[in-house]
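Survey of secondary and tertiary structure
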Amino acid sequence: MKKILIISLLFCPLWIYPQDATVSSPDGKLGLSIAVKTGVPFYSVKYNGKTILEDSPLGFISNIGDFSKNMTFEGKNEGKIDKSYIQDKIKTKNVHYVANELTIRLKNAENKEIEVVFRVSANDIAFRYQIPRFGGTMSCVIEKETTGFRFPSFTTTFLSTMMAPMGGWGRSTPSYENGYEADGALCKPTRNNEGYVFPGLFHVGDNGWALVSETGVSSLYCASHLKEGKEGLYTVGFPNMLQNNGFGSSGASFGLPGTSPWRTITVGDNLKPIVETTIAYDLVEPLYEPSQEYRYGRSTWSWIVWQDASMNYDDQVKFIDLANAMGYEYILIDALWDVNLGKTKLEELVNYAHSKNVDVFLWYNSNGGANDAPQGPRDVMNTSVARKKEMKWLKEIGIKGLKIDFFGGDKQETMRLYEDILSDANDFGLMIIFHGCTLPRGWERMYPNFVGAEAVVASENLVFSQQVREQEAFNACLHPFIRNAVACMEFGGTFLNKYLNRSNSGRNLRLTSDVFQLATAVLFQNPIQNFALTPDNLTGSPAFAIEFMKKVPTVWDEICFIDGYPGKYVVLARRNGSQWYLAAVNAESQAMKLKLNLPFFAGKTVDYYSDDKTLVSSVRQMKINAKGEAEIIIQPNGGVILKN
Ligand code: CA
């Protein structure tokens, strides 16, 4: 019996299933299998022998052929990827990416052959379609993808619904601001039938975790999302045609040979590989050289707490002085400066900032025809002619970066706008932050002057919404595992006001502690941080908090996930040079006592920032033993920071 089985294993697969191909990670733990079944190509994924993805379809329908059915397997090539690179504005500075590569060739009913390339590294799978020229056919339009991710029935989900088009403030949605539901049911329908944004986190029971996203989306494709799930299967969806005021197509158009973006699945039997993954950057290359060395850093901005009324010369001076007092590199002068200050007064303000060693980021509306958001300046970032004229002036007066808001969606039309803004801005030495925008997909590496994107329920919603204030800790405990795991996140946070308004009294009570707020400056990663400090905080907040905020870096050499569960609590550490910052926050209703193993603090005396039961924050010294063991207590809505 045994002998027959061995013989059948040795000889059968080759001729019974000639279409099968497999590839696994260099350490052998993460495995991917491919099989064409009744004309449809499928892939499946296992980690440590346990199922992560069941048979998941591959394919697309284009205007040069249907590659979703009647497909045959034509052959494969294998290769290895070993790539080291330095990227100074992501979670890890020195990255070594090692993967096994499998390229399969698939032919459709018209004898047209395409390739699918898979790369499998220790904890990441990436794949994309490669489409050649077909004779004289040198361009194509992808109309629809059938690419999917099929999870076992016992999987729970951490997903954020895609916003419906042309809704919200000034008809400016979708902007990736619906928030995530934790441990939701598999294939639970959404209210608006729009599906879910990338990234999506899936808890595959005891089998492990999977974070699904995409990277390498440039002007040559639309940004995709996950459509409504059915029977465990989530397929790749293209943007709703109504986005961008109905303008622009929903598919993707490019010259041949061409490729789809990389779709990525980060897999682990625990959450460490999810939090620490660099797959969004491993697969892409810079699309142009930086025109200069860009300097990252910290910024103040009046708008977040003092709001629209603070867009006047005197209040902006106060925030420049605050930036100067904090030793910050920048001030962000937000919306409405065009009307309330005008260009001449703005130039005066920029000169004043420079006299205080503070450089300037300036706000713009992205539109065009994509929204009705009334804040100006409008209509200067949407065409190349207007943009370059404006950027020439911006360079002349010494502006270092722009924050551009209110993009119209995920169509290729809008991806072109993002890329054109970035490319033009680089010519004028400007860094770019996007707000009211899509998820950046590998952009930190692709575009050297890209320094941040919102695409999250960010600090402004803490000011606007009681519900968001109540969920502040919950959301903070999601980001390191999901949104901020695949891209930088320009959150604009760290409030030290007790009440999130100018008078610091009466309404919009902050529910989290001071140390919680400081911890988010480390938890939330973005190379430019616009902190929500106000001038009053210099005297009204604990001195240790101000001292901490003066020194906290915005770029990191290394990340180390230590403990946590999405939506409940998180403990992670980041290193800048020889300095480690451990940051922890707690969204549970009970205090959390944790015994941690922190080899990087072994034998050291560290500053221990924590809260008492009433969320009064303080700092004291803590000696960590030679084994690196430490015990911390995180209060509900509170935080802990350890720092050498
Ligand atoms: Ca927003």
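This structure is a prediction, so every number in the text was calculated from the model and none was measured. (Residues numbered from 1 in each chain as written. Predicted model: local features only at pLDDT ≥ 70, side-chain atom pairs only at ≥ 80, totals over all residues. Heavy atoms only, no water.)

**As for the coordination of the calcium ion**
Binding of the calcium ion to the protein goes through E177 (OE), E177 (OE), E454 (OE), E454 (OE) and E460 (OE), at separations of 2.3 to 3.1 Å. Sequence spacing of the donors to the calcium ion: E-x276-E-x5-E. Residue E177 is found in the loop between β13 (156-160) and β14 (180-185), and its partner E454 is found in the loop between β27 (450-453) and α11 (459-464); the two are separated by 277 residues along the sequence. The pair formed by E177 and E454 is uniform in burial state, with each residue classed as buried. (Donors = N, O, S within 2.8 Å, 3.2 Å for Na, K, Ca; no water. Helix = DSSP H or I, 4+ residues; strand = E, 2+ residues; numbered from the N terminus. Buried < 20%, exposed > 50% of the residue type's maximum accessible area, 1.4 Å probe, protein only.)

**Some points on the layout of surface pockets**
Counted as a void, the largest pocket has a volume near 1100 Å³. M163, E177, N178, V457 and N461 are, among the 49 residues lining the largest pocket, the residues nearest its centre. The set of elements that each furnish at least two residues to the lining of the largest pocket consists of β13, β14, β25 (401-405), α11, α12 (466-470) and α13 (472-476). Top element by residues in the lining of the largest pocket is β14. It accounts for 4 residues. Broken down by class, the residue content of the lining of the largest pocket amounts to 17 nonpolar, 22 polar and 10 charged. Per-domain counts for the lining of the largest pocket show at least three residues from each of domain 1 (18-282) and domain 2 (458-491 + 500-527 + 547-644). (1 Å grid on protein atoms, 1.4 Å probe; cavity = no way out; pocket = protein on both sides within 12 Å on 5 of 7 lines; lining within 4 Å. Points joined across faces, edges and corners; volume = space filled by probe spheres on them. Nonpolar A, V, L, I, M, F, W, Y, C, P; charged D, E, K, R; others polar. Domains from an automatic or database assignment.)

**What to know about the domain arrangement of the chain**
Taken domain by domain, the chain comprises domain 1 (18-282) and domain 2 (458-491 + 500-527 + 547-644). For domain 1 and domain 2, the distance between their C-alpha centres works out to 32 Å. Opposite the 26 residues of domain 1 that make contact, domain 2 presents 27 residues. Contact between domain 1 and domain 2 buries roughly 2200 Å² in total, counting both sides, with carbon and sulfur atoms accounting for 62%. When the buried area of domain 1 at its contact with domain 2 is split by residue, K91, Y180 and V275 rank highest and sum to 28% of it. The interface formed by domain 1 and domain 2 contains 0 salt bridges. Inspection of the domain 1/domain 2 interface yields 7 residue pairs in polar contact (both at pLDDT 80 or more). Mapped by element, the contributors of at least two residues to the side of domain 1 that touches domain 2 are β14, β15 (200-204), β16 (208-215), α2 (272-276) and α3 (279-282). (Contact = heavy atoms within 4.5 Å. Buried area = accessible area lost by both parts, 1.4 Å probe. Salt bridge = Lys/Arg side-chain N within 4 Å of Asp/Glu carboxyl O. Polar contact = N/O pair within 3.5 Å; in protein donor to acceptor, adjacent residues only side chain to side chain.)

**So, the environment of I331**
On the secondary structure map, I331 appears in strand β23 (residues 330-333). For I331, a relative accessible area of 0% puts it in the buried group. Along the backbone, I331 and A353 are 22 residues apart, and their C-alpha atoms lie at a distance of 8.0 Å. Excluding residues that lie within four positions of it along the chain, I331 makes contacts with S299, T300, Q316, F319, I320, V358, D359, V360 and F361.

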